Amino acid sequence: MHPIIQRNVGWIEVICGCMFSGKTEELIRRLRRAVIARQKVEIFKPKVDNRYGEDHIVSHSEAKIHSLMVEDPREILEHSLESQVVGIDEAQFFKENIVEICNKLANMGKRVIVAGLDMDYRGKPFEPIPQLLAIAEYITKSHAVCVRCGNPATFTQRTSKDSARVVVGAHDIYEARCRHCFEPPPEDTKRTNSHPDKNKQEVNAHPKTDS
Ligand code: ADP
Ligand code: MG
Ligand code: ZN
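A. The arrangement of the overall build of the chain in detail. The number of helices and strands found in the chain is six helices and 12 strands. For the chain, the share of sequence-separated contacts (at least 6 apart) that also reach a separation of at least 24 residues comes to 75%.

B. Geometry of the site of ligand 1. Neighbouring ligand 1 are 15 residues, the closest being Lys23, Thr24, Ser59, His60 and Ala144. Within the residue set of the shell around ligand 1, elements represented by two or more residues are helix H1 (23–36) and strand S9 (144–145). Residue contributions to the shell around ligand 1 peak at three residues, all from H1. Among the residues forming the shell around ligand 1, the class breakdown is six nonpolar, seven polar and two charged.

C. Just unusual backbone geometry, in detail. Residue Pro128 is bonded to the preceding Glu127 through a cis peptide linkage, with omega at 5 degrees. As for its position among the elements, Pro128 is in the loop between strand S7 (111–117) and helix H4 (129–135). Of note in this structure, Glu62 is not a glycine but carries a positive phi near 70 degrees. Position of Glu62 relative to the elements: it lies in the loop between strand S3 (56–58) and strand S4 (64–66). By the C-beta count within 10 Å, which is 8 here, Glu62 ends up exposed. Positive phi, close to 55 degrees, is recorded for Glu90, a residue that is not glycine. Secondary-structure assignment places Glu90 in the loop between strand S6 (85–88) and helix H3 (97–107). Under the C-beta neighbour-count criterion, Glu90 is labelled buried, with 21 such atoms within 10 Å.

D. Seen up close, the pairing of strand S2 (residues 41–46). For S2, the buried fraction is high: six of the six residues fall into the buried class. Bridge count between S2 and S6: four bridges; the pairing is parallel. Within the sheet, the bridge partner assigned to Glu42 lies in S6 and is Val86. Note: S2 against strand S5 (residues 68–70), three bridges, orientation parallel.

E. Expanded view of the sheet that holds strand S1 (residues 11–17). Pairing in this open sheet of six strands is parallel, and the strands run S5-S2-S6-S7-S1-S8 from one edge to the other. A strand with exactly one partner marks an edge of an open sheet, and here the two such strands are S5 and strand S8 (138–142). When the angles between neighbouring strand axes are averaged without regard to direction, this sheet yields 20 degrees. Note that S1 and S8 share five bridges and pair parallel. The residue bridging Cys16 from the neighbouring strand is Lys141, located in S8.

About the thresholds
Residues numbered from 1 in each chain as written. Chains lettered and ligands numbered in written order. Predicted model: local features only at pLDDT ≥ 70, side-chain atom pairs only at ≥ 80, totals over all residues. Helix = DSSP H or I, 4+ residues; strand = E, 2+ residues; numbered from the N terminus. Contact = placed C-beta atoms within 7 Å. Near = placed C-beta within 6 Å. Nonpolar A, V, L, I, M, F, W, Y, C, P; charged D, E, K, R; others polar. Buried ≥ 20, exposed ≤ 12 C-beta atoms within 10 Å, placed from the backbone. Pairing = 2+ DSSP bridges. Axes fitted to C-alpha atoms, helices over the stretch in contact; angles between N-to-C directions.

Spelled out as structure tokens, the structure:
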């Protein structure tokens, strides 16, 4: 992937895809290799994702690695001044300043590896992942297995009736589906007619954590 690596040159890698597509597994795999190479690694996840405790990122296949839970992306900068490699999981849950922070870290010469959902449960781009994709040097789109037909899945089907953009859960309320099997939820008229800023607020809406 990196045939010639010059010292002190940073870059951004984005791993995106639907739920269950192996983003966290791939992030952990890359970070473990950096640890084996004795690089200084720091790993972060947003406060909203406390599904598996506060001090690890954990994949659906139960691979895990130690991480720090932060609320504002500026905390990532503060905690990674000494690191050579910075890992960030569930980046879609961060505010849009995550883009500027990733850029800063890469400009400081660090390897920044970011994983996140590229689409929400409606099949719409999940900001700020599109913005991160635009500035990344390397992009990986991972696919899950469609639970209906077995084809490669790129969509996350929500099986509960919740309409907030952020509802934290796993197999209990989400399924991986392909384009053919994905059933977009009916358009919410309140959402369609509302000011775009209203949608933004929902990104930060308090998630359901009891699932
Ligand atoms: P992501 O971070 O993209 O949500 P994870 O890395 O946490 O994904 O989990 C990937 C793992 O999820 C797979 O290796 C597999 O064990 C499991 N899994 C569960 N359902 C599916 C599915 N429909 N397709 C692929 N993998 C699945
Ligand atoms: Mg994940
Ligand atoms: Zn399918």
